[in-house]
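Residue strings, one per chain:
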Amino acid sequence: MDFQSLEKLTAEKYKKHASRTFNYGTAGFRTKADDLETVLFRMGVLAVVRSKAMKAHIGMMITASHNPACDNGVKIVDPRGEMMAVAWEEHATVLANAEDLQLVAAVQQLLQQENINQQQPAIVVVGRDTRPSSDVLHAAAVAGVRAVGGQVVECGVVTTPILHYRVVCANDGGSYGTPTNEGYSKKLADAFLKLQGTGGSQSRYSSGLQFDGANGVGGCQMSIMAPSLAAALTITQYNDGKGDGVLNYKCGADHVKTTQSWPGGVPATAGTRCVSVDGDADRVIYSFLDSNGAFHLLDGDRIATLIAGYLKQLLTRAQVSLKLGLIQTAYANGASTQYINGTLGVPVGCAKTGVKFLHHMALDYDIGVYFEANGHGTVLFSDAAKKSIREAAAAGNSVAERLCSVIDVINETVGDAISDMLLVEVILKEQDWSVEDWNKQYTDLPNRLVKVLVADRSVISTTNAERSCVTPAALQPAIDNLLRSTEFATANARAFCRPSGTEDVVRVYAEASTRELADSLSTKVSQLVF
Ligand code: NG1
Ligand code: ZN
């Protein structure tokens, strides 16, 4: 490798200004966009080294997802579409923070430490969201890749799930799908139309849908796909990113989920399903207003239970014996866990917050559904599961054939708002459910999620998939005492707190049988934390 260009650009164009320290967290680097240009340049370099190490295409997505428009960030995607290996997060942090004059030495040390063949070609697949800052940061990332001789595959302005799809397709020779943005849209639309068929005699399901694009790239992608879905889905788009609406501002999946309220910019029409995606379209949340104008949220737990219940049904009907499981996090509503495990008989596991942990646990099953309550999730099918489903389909089993199309409509490479939405629509139509029917399957326990600002969030450490605190030593016994008190003992109450991996806060979650009790519990646990 030749480091002349890297040295020159580091000395001239991409000088480190900020004296602050950057950390590669759960969602990569994510902060105010103005501070990130140098970090992006250096992550271009890191992606090249990672590509050489893995002898494969590596992905780089420039986005800050559901965070405000003034933020931005970058995530590195490994060859099979998963988040970059945890061991390399530290390497990313070292490169991001190296002093300008130390950067080349830091790269050389990394090459040596990981025993990397410098002659190995490197290819980085790059995507970005619609943020105003994404163009400048994209230029910095590309400059970093090229400075050390890497090649760039441009995806342009894309959703995060498209970037993951493109990385996987590039690495498996196209067997997952055609490695283009159009290939992605066509794969999903074709599978969806096949599943929906034509007509049908639904009395409860309606194909009308309001789509809240969060004023971001999800809106742009839906504008591309909506015409090809039109035969089975009548989508009316709002917050589509083309007007002057601000990204994620009072709309989108994160806003709807956290405020538990109807998205701004979408007409309040009773009884119509509204689908909200987040700023990079990897999360999806449904909601609706009933005839009294009351708001109802159908979150990631609700989507996960719908999908897992449906897959169980299909497997039974196809008479294909495969191990199906659902992975949630501690934030899953207790009523959803009870419903899927108790009522539908699907085993449930609980993982630590962060997609990589859910993904990992889902691999324990032939078919692993994983979802965070915030609407990020997907389904993973093992190679063996796909093989037995395809064999059954080839032998004329029509339900197995339907399962093959279900596999095609799912983006297994990462949680994908649009793919998840299409699958939900397939299931609702097949069950002939209105959104109210879906909502009636179980009743969420009232819950509250709050942020507590503390001097040092790292004093809190947890165990048991983040459901119990280990330190400070007195905290968990105090929470347990509270839950045993007369106020909460018979209220189906649950509460936990954990340090956020993406913000400088401690998150407190509480649920109980009534809104008042959930609020009271969350206030009392927050006081214990503070
Ligand atoms: P933190 O900040 O660690 O709670 C948040 C979300 C996660 C996940 C990550 C990555 C909640 C409670 N937490 O993590 O689910 O999506 O961001 O974006 O929603
Ligand atoms: Zn996102």
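Basis of the calculations
Residues numbered from 1 in each chain as written. Chains lettered and ligands numbered in written order. Predicted model: local features only at pLDDT ≥ 70, side-chain atom pairs only at ≥ 80, totals over all residues. Heavy atoms only, no water. Helix = DSSP H or I, 4+ residues; strand = E, 2+ residues; numbered from the N terminus. Buried < 20%, exposed > 50% of the residue type's maximum accessible area, 1.4 Å probe, protein only. Lys, Arg positive; Asp, Glu negative; His and termini not counted. Salt bridge = Lys/Arg side-chain N within 4 Å of Asp/Glu carboxyl O. Polar contact = N/O pair within 3.5 Å; in protein donor to acceptor, adjacent residues only side chain to side chain. Contact = heavy atoms within 4.5 Å. Core = buried A, V, L, I, M, F, W, Y, C linked by side-chain atoms within 4.5 Å. Donors = N, O, S within 2.8 Å, 3.2 Å for Na, K, Ca; no water. Phe/Tyr/Trp six-rings, centres within 6.5 Å; stacked < 30°, edge-to-face > 60°. Lys NZ or Arg CZ within 6 Å of the ring centre and 35° of its normal.

Draft legend 1. Just the side chain of arginine 166, in detail. Tracing the backbone shows arginine 166 in helix H6 (residues 160–171). Despite being buried, arginine 166 has no salt bridge partner; glutamate 182 is the closest side chain of opposite charge, sitting 6.2 Å away. Among the polar contacts listed, one links the side chain of arginine 166 to the side chain of asparagine 181, at a separation of 2.7 Å. Once residues lying within four places of it in the same chain are set aside, the contact partners of arginine 166 are Val125, Val153, Glu154, Cys155, Pro179, Thr180 and Asn181.

Draft legend 2. The arrangement of the nonpolar core in detail. If you look at the biggest cluster of nonpolar residues, it comprises 80 residues, and the most contacted ones within it are Tyr286, Ile367, Met421, Leu422 and Trp438. Per element, the largest residue contribution to this core is 10 residues, and it comes from helix H10 (residues 300–318). The contacts of methionine 421, once residues within four sequence positions are left out, are Leu209, Phe211, Met222, Leu233, Ile235, Val275 and Tyr286. Residues Phe22, Tyr24, Val104 and Ala106 belong to the second largest nonpolar core, which totals 46 residues.

Draft legend 3. Quick peek at the coordination of the zinc ion (ligand 2). On the protein side, the zinc ion (ligand 2) has Ser65 (OG), Asp278 (OD), Asp280 (OD) and Asp282 (OD) as donor atoms, found 2.0 to 2.1 Å from it. Taken in sequence order, the residues that donate to the zinc ion (ligand 2) follow the motif S-x212-D-x1-D-x1-D. Accessibility expressed as a relative area gives 0% for aspartate 278, which makes it buried.

Draft legend 4. Examining the packing of aromatic side chains more closely. Counted under the stated rule, the structure contains nine aromatic pairs. Ring geometry for tyrosine 24 and phenylalanine 29: centres 5.2 Å apart, planes at 85°, overall edge-to-face. Aromatic side chains tyrosine 339 and tyrosine 442 sit 5.0 Å apart centroid to centroid with 35° between the ring planes, which places their arrangement in the tilted category. Note that tyrosine 339 is positioned in helix H11 (residues 334–343) and tyrosine 442 in the loop between helix H16 (435–439) and strand S15 (447–452), a separation of 103 residues in sequence. For the pair tyrosine 339 and tyrosine 442, one class covers both residues: buried. A network of ring pairs unites the aromatic residues Tyr165, Tyr176 and Tyr184 as a single cluster. The ring centre of tyrosine 442 lies 3.9 Å from the NZ or CZ of arginine 302, which sits over that ring. Above the ring of tyrosine 365, the side-chain terminus of lysine 323 is found at 5.4 Å from the ring centroid.

Draft legend 5. How the structure looks around the side chain of threonine 378. Here threonine 378 shows up in strand S14 (residues 377–381). Reaching out from threonine 378, the side chain makes a polar contact with the backbone oxygen of asparagine 411 at a distance of 2.8 Å. Ignoring any residue separated from it by four or fewer positions in sequence, one finds threonine 378 in contact with Gly368, Val369, Tyr370, Phe371, Ile410, Asn411, Glu412, Val414, Gly415 and Asp420.

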